[in-house]
Amino acid sequence: MSLLLTRRSVLRASLALPAVGLLAACGGGSDKTSTTAAESTGAGASGTTAAEGTPTPIQSSGSAPTAASSAATPEGSPTASGPVADVDFTIVDGPEPNSLDPCVGTAYQYAVNAIFNRLVIWNEKMNVEPSLATSWTVSDDHKSWTFKLRENVKFHDGSPFTSADVKATIDHILDPNTKSNRRANFTLIKEVQTPDDLTAIFVTDPVTPDFPFLMADGSANIICSAALQKMGPADYGRKPVGTGPFKFEEWVPNDHISATINEDYWGTKPLVKRFVYKPVPDPATRVIVLKSNQADLVFGLPPADVPDLQKESKLKIVDSPSLTVTQMQLKQAKPPFSDKRVRQAVNMAVDKDAIIKNVMGGFARPLKTPDCPGLWGAFEFDPLPYDPEKAKQLLSEAGFAGGFDVTISYTSGRWPGDDQVVQAVQGYWGQVGIKATIKKGDQATFIADLTKDPATNPNLVVMPQRTSYYTDYQLYRLYQSDAANAEAAQRSGYNNPEVDKLLAEERMEFDPEKRLPIFEQVQKLIWDDQPFLYLFSMVNLYGMQNNVSGFTILPSGDWIPGPITKG
Amino acid sequence: MTVYIIKRLLALIPVLIGVSIIIFGIMQLIPGDAAEVLVGTNGSAADVERIRESLGLDKPIYEQYWLFISRAAVGNFGRSTQTGRPALTEFSSRVKPTAELAAAALLLAIVFGMITGIVSAVLQYSVWDYLVTVVSLIGVSAPVFWTGLMMMLLFSVWLGWLPATGSGSFSRLIMPALALGSASTAIIARQMRSGLLEVLRQDYVRTARAKGLHEWTVIARHAVRNALIPTVTVVGLQFGYLLGGSVLTETVFARPGVGSFLVNSIQARDIPVVQATIMLLAVAFLVVNLLVDLLYAVLDPRIRYS
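Residues numbered from 1 in each chain as written. Chains lettered and ligands numbered in written order. Predicted model: local features only at pLDDT ≥ 70, side-chain atom pairs only at ≥ 80, totals over all residues. Heavy atoms only, no water.

*Asks:* Tell me what's going on with the overall build of chain B, and back it up with residues and numbers.
*Replies:* On a plain count of helices and strands, chain B comes out with 14 helices and 0 strands. In chain B, the succession of helices and strands from N to C terminus is α-α-α-α-α-α-α-α-α-α-α-α-α-α. With the principal axes as the frame, chain B shows a C-alpha extent of 85 × 60 × 30 Å. Out of the 306 residues in chain B, the part that is buried amounts to 51%. For chain B, the proportion of contacts with a sequence separation of at least 24, taken over those separated by at least 6, is 72%. (Helix = DSSP H or I, 4+ residues; strand = E, 2+ residues; numbered from the N terminus. Buried < 20%, exposed > 50% of the residue type's maximum accessible area, 1.4 Å probe, protein only. Contact = heavy atoms within 4.5 Å.)

Laid out in structure tokens, this is it:
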């Protein structure tokens, strides 16, 4: 054996090596601690109130988006209501984003809200307000939409915001190489014209009264064309450049994303210096992060832990309305679910109020509409009562007195309580003779089931959560029968020609007064058909430290960075 | 010796090809694909088709595999379907925290495992021996997600000494390393104990004692050295366990790293990243075990490689 080193020295070295590695690994800096020393900035000295800097709604509540055509905002008047505190504002939730490119990201992204702006932004009533656009009009033939853009807005890299960036954003979404997950919604845009720097004209085919809503979609956050060109799409998704209140700082994968305050922000400036998003995948760990004050705001709390958290004096547990609905979709191209009586029976067999109370801890709302509750154009109806006897009777009328077998497919861990909800439904269905097998898969397995052909999978039930931002979007993609339609994500096999006819009508109707009755009529038809097991609508449930104020999360899931303070 | 090392390294190639075929096969067998995950539950069938095309997932399986393996041969694992960045870049940006964690856990396991193993062998059937046995059993049996949460509850919520999550500093490494290393510590301690007990019964140990050496010199110089070979084998295998255990540990402590990344990528059906990660982890595991084999020769002069 010809070793240069003696056995003894190698032994010694082999013991020492891991120690050296460990020391080197751990020497990389001490914990970052946030200080509470307030720091006064120039902007803070103006003494104006936050309200003055906030864009005012341009539509009265309940009106349709087409009515929008005014410029009622204090353009380019950046104000802040106090000194910016040199503190971090940390949000924790489960998922790690795959990209911060607004049209590519798969998980809902708090950081995108902090870094980017859209042309228009949702408000609490799910109507749109001016953001980077100050006003908009539609042409008489309804084919083109003209958006006037805000002056003197700069991207974080210093380049000015112009209509070219609006065009670049749409081009980027439509580029097949971008792999945007919402591309199909934008294919109706045939052309973006930019007659001058502050005007963008969208030409659509087919025409749509919902166009401003489309511009409020998270995918339509305005990207910086100069930066995109310089960096290329993959890197842009990693180091995004926007016009928002916070500038991207760094992204340590699976650890945190941070952004610092944008001193040149055109709108209401936040009162905290730094925004941090931390993904914490395990719900039990999220509870600990909240309890040990290592985050200001924590989403995705297990309902079972909430009563305990509510007892903590230094925490606030908040729930606010959400557009997300939980339903079980019944594949209904063939028996058993092609029979309306069977679908009504599966709804009557389940005590939804008991599930909301006992499984969801009260943090869910009864679902009374095929739409998303809270949207303009959503109509509510009486849910079918919990009546297992009637359910059995309906089943035997439909020829299923002996019950039948089904498989419920879902993804575990996407929202707190999901496992128990499925088990509860399994139990209720069992009482009327429907034997359900639970198939718990990861997201990819579940989506494969979701998109399976209803004609060849008649006994399959899938439990997706749906979030729609406007009524037509929810109704058309879930209940329009043509599954081959590019926009429809409908794979349940639901088919009602009358519903199809009314949906085709409403989506061409620009007069909101005429559109509402059609919405009501079509939803009544759908509700009568009961194509799904309508379980409940979710709430945005989060816990925050007592010293945080001014945090708002909209039903759409967007949060408003503006008025947040930490005292 | 050099020839032996080269031979062993060359033997990696068929192993890696085998690994790649198995992973590729498994990823094809499980339902769902990357395009469906990217589009999610709110997209449409048209979006899925278009993304599938642009990722090349519409090509025949053998063509996809050939494309992958021919590129991988020159170190190009393709691009992540999730982020669009090279799979190797994604992997390497997450290696450091996992390497820190595995090294710290292994160091803890070696130091505490050997010390407690030696103590319990030398003081066989004493209170200390029983204590080590009981604690080892707990260490092996308690899952990381339980010990991890209990530690967080104690040190982060009640005492407020350590941050519960994250990475990048020593204070954030302590709890994950303890949680991950506890099972390995116990296994190494048990192995050290039984190895040492056997050696202590050998004639040469009696000889060493007979010539009047101090008891600790007998143990340290003559007994422990000879008991190390089976222990070193276990340490080498523990490395594989630690890589696997890092998945749970990283998830519980919300630590960035290869483990949690691998799980995310499997869930997203991100084949390029899964392939790159598993193949590189396989290389690391095989290299560690080669080092263990070489260490035998260092520990026991009678072992030669040619």
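*Asks:* Now, about the pairing of strand β18 (residues 532–545) of chain A: what can you tell me, with residues and values included?
*Replies:* All names here are of chain A. The buried count for β18 comes to 14 of 14 residues, which makes it a mostly enclosed element. With 12 bridges connecting them, strand β12 (residues 315–330) and β18 associate as antiparallel partners. By the bridge assignment, Pro 321 is partnered in β18 with Val 539. In terms of strand pairing, strand β13 (residues 364–366) meets β18 through 3 bridges, oriented antiparallel. Note that in β18 the partner of Pro 366 across the bridge is Phe 536. (Pairing = 2+ DSSP bridges.)

*Asks:* Lay out the nonpolar core in plain terms, naming residues and giving numbers.
*Replies:* The biggest cluster of nonpolar side chains holds 99 residues, and the ones touching the most others in it are Leu119(A), Phe147(A), Phe202(A), Met215(A) and Phe551(A). Leave out the neighbours within four places in its chain, and Leu119(A) touches Pro130(A), Ser131(A), Leu132(A), Ala133(A), Phe147(A), Leu149(A), Phe161(A), Val166(A), Phe202(A), Met215(A) and Ile222(A). Ranked by size, the runner-up nonpolar core spans 40 residues in total, among them Leu197(B), Ala227(B), Val232(B) and Val235(B). (Core = buried A, V, L, I, M, F, W, Y, C linked by side-chain atoms within 4.5 Å.)

*Asks:* Requested: an account of the sheet that holds strand β5 (residues 144–149) of chain A, with residues and values cited.
*Replies:* Residues and elements named next belong to chain A. Here 4 strands make up an open sheet; going across it, the order is β4-β5-β7-β6 and the pairing antiparallel. Of all strands in the sheet, those bounded by a partner on one side alone are β4 (133–138) and β6 (189–196). Going from strand to strand, the sheet's axes swing by 20° on average, the running direction of each strand aside. One ladder, built from 5 bridges, connects β4 with β5; its direction is antiparallel. Its bridge partner lying in β5, Thr 137 is registered against Thr 146. Sheet strands in contact with helix α4 (residues 163–174) are β5, β6 and β7 (199–204), and its direction is about 165° off that of β6. (Axes fitted to C-alpha atoms, helices over the stretch in contact; angles between N-to-C directions.)

*Asks:* Lay out the interface of chain A and chain B with the relevant residues and their values.
*Replies:* On the chain B side, the residues contacting the 63 residues of chain A number 65 residues. Summed over both partners, the interface of chain A with chain B comes to about 5,300 Å²; 60% of that surface belongs to carbon and sulfur atoms. For Asp442(A), the salt bridge is made with Arg269(B), and the minimal N-O distance between the two is 2.8 Å. The interface formed by chain A and chain B includes 9 residue pairs in polar contact (both at pLDDT 80 or more). Within the residue set of the side of chain A that touches chain B, elements represented by two or more residues are α1 (7–26), α5 (183–186), α8 (233–236), β10 (272–279), α9 (283–291), α15 (443–450), β17 (465–466) and α16 (471–479) of chain A. (Buried area = accessible area lost by both parts, 1.4 Å probe. Salt bridge = Lys/Arg side-chain N within 4 Å of Asp/Glu carboxyl O. Polar contact = N/O pair within 3.5 Å; in protein donor to acceptor, adjacent residues only side chain to side chain.)

*Asks:* Let's hear about unusual backbone geometry: which residues, and what values?
*Replies:* Put simply, Asp205(A) and Pro206(A) share a cis peptide bond, and its omega is 0°. By the element assignment, Pro206(A) lies in the loop between β7 and α6 (211–215). Looking along the chain, the bond that leaves Pro335(A) and enters Pro336(A) is cis, with omega of 5°. Inspection of the secondary structure assignment puts Pro336(A) in the loop between β12 and α11 (340–348). Non-glycine residue Asn254(A) carries a positive phi angle of around 60°. Here Asn254(A) is to be found in the loop between β8 (246–252) and β9 (256–261). For Asn254(A), a relative accessible area of 8% corresponds to the buried category. In this structure, Arg269(B) is a non-glycine residue whose phi angle is positive, near 55°. Residue position: Arg269(B) is located in the loop between α13 (258–267) and α14 (271–299). You can call Arg269(B) buried: its relative accessible area is 3%.

*Asks:* Pulling in residues and values, what's your account of the pairing of β10(A)?
*Replies:* All names here are of chain A. β10 sits mainly inside the fold: 7 of its 8 residues count as buried. The sheet contact formed by strand β1 (residues 85–93) and β10 spans 7 bridges and is parallel. Across the sheet, residue Phe 89 finds its bridge partner in β10, namely Phe 275. Direction of pairing for β9 relative to β10: antiparallel, over a ladder of 4 bridges. Counterpart to Ile 257 in the pairing with β10 is Tyr 277.

*Asks:* Quick one: what's the story with the pattern of salt bridges, residue by residue and with numbers?
*Replies:* Going through the model one piece at a time under the given rule, you end up with 33 salt bridges over all chains. Between Arg274(A) and Asp88(A) there is a salt bridge; the shortest N-O distance is 2.8 Å. Taken as a pair, Arg274(A) in strand β10 and Asp88(A) in strand β1 lie far apart in primary sequence, 186 residues in all. Judged by its relative accessible area of 12%, Arg274(A) falls in the buried class. When salt bridges that share partners are traced, they join Glu96(A), Arg85(B), Glu90(B) and Arg94(B) into one network.

*Asks:* Lay out α9(A) in plain terms, naming residues and giving numbers.
*Replies:* Residues and elements named next belong to chain A. With 7 of 9 residues buried, α9 is to be regarded as a mostly interior element. Taken together, the buried positions of α9 are occupied by Thr 285, Arg 286, Val 287, Ile 288, Val 289, Leu 290 and Lys 291. Two residues or fewer past α9, Asn 293 is found with a positive phi of approximately 55°.

*Asks:* Now, about the packing of aromatic side chains: what can you tell me, with residues and values included?
*Replies:* All names here are of chain A. Scanning the entire structure with this criterion turns up 36 aromatic pairs over all chains. Taking the centre distance of 6.0 Å and the plane angle of 40° together, the rings of Phe 89 and Trp 559 count as tilted. Within this pair, whereas Phe 89 is found in strand β1, its partner Trp 559 is found in the loop between β19 (548–549) and β20 (565–566), the two being separated by 470 residues in sequence. As far as the burial class goes, Phe 89 and Trp 559 line up, both buried. Ring plane angle 35° and centroid distance 4.8 Å describe the contact between Trp 527 and Tyr 534, whose orientation is recorded as tilted. Here the aromatic cluster, defined as three or more aromatic residues joined through ring pairs, consists of Phe 89, Tyr 110, Phe 246, Phe 275, Tyr 277, Phe 299, Tyr 542, Phe 551 and Trp 559. Cation over ring: Arg 238 sits above Trp 251, and NZ or CZ is 3.8 Å from the ring centre. Taking NZ or CZ as reference, Arg 507 lies 3.5 Å from the ring centre of Tyr 476, over its face. (Phe/Tyr/Trp six-rings, centres within 6.5 Å; stacked < 30°, edge-to-face > 60°. Lys NZ or Arg CZ within 6 Å of the ring centre and 35° of its normal.)

*Asks:* Can you explain the side chain of Gln523(A)? Please cite residues and give values.
*Replies:* Residue and element names in this part refer to chain A. Looking at the element boundaries, Gln 523 is found in helix α18 (residues 512–529). A distance of 2.8 Å separates a polar atom in the side chain of Gln 523 from the backbone nitrogen of Phe 379. Setting aside residues no more than four positions away along its own chain, Gln 523 makes contact with Thr 369, Pro 370, Asp 371, Gly 377, Ala 378, Phe 379, Phe 381, Thr 471 and Leu 475.

*Asks:* A description of the packing of helix α7 (residues 95–122) of chain B against helix α12 (residues 215–252) of chain B should follow, citing residues and the corresponding values.
*Replies:* All names here are of chain B. Two elements in contact, α7 and α12, have axes separated by 9 Å at closest approach and are oriented at 145°. When you trace α7 past α12, the crossing you get is right-handed. For the pair α7 and α12, the contacting residues are Thr 98, Leu 101, Ala 102, Ala 105, Leu 106, Ile 110, Met 114, Ile 118 and Val 122 in the first and Ile 219, Val 224, Leu 228, Thr 231, Val 235, Leu 242, Ser 246, Thr 249 and Glu 250 in the second. (Left-handed = near helix turned anticlockwise from the far one by under 90°.)

*Asks:* Requested: an account of the packing of helix α11 (residues 203–210) of chain B against α12(B), with residues and values cited.
*Replies:* Residue and element names in this part refer to chain B. The interhelical angle for the contact between α11 and α12, taken along N-to-C directions, is 160°, at an axis separation of 10 Å. Between α11 and α12, the interaxial angle falls into the category roughly antiparallel. For the pair α11 and α12, the sense of crossing is right-handed. Where α11 approaches α12, its residues Tyr 204, Val 205, Ala 208 and Arg 209 are matched on the opposing element by Glu 215, Val 218, His 222 and Asn 226. In the contact of α11 with α12, the residues fall into 4 nonpolar, 2 polar and 2 charged. (Parallel < 35°, antiparallel > 145°, perpendicular 65-115°, else oblique. Nonpolar A, V, L, I, M, F, W, Y, C, P; charged D, E, K, R; others polar.)

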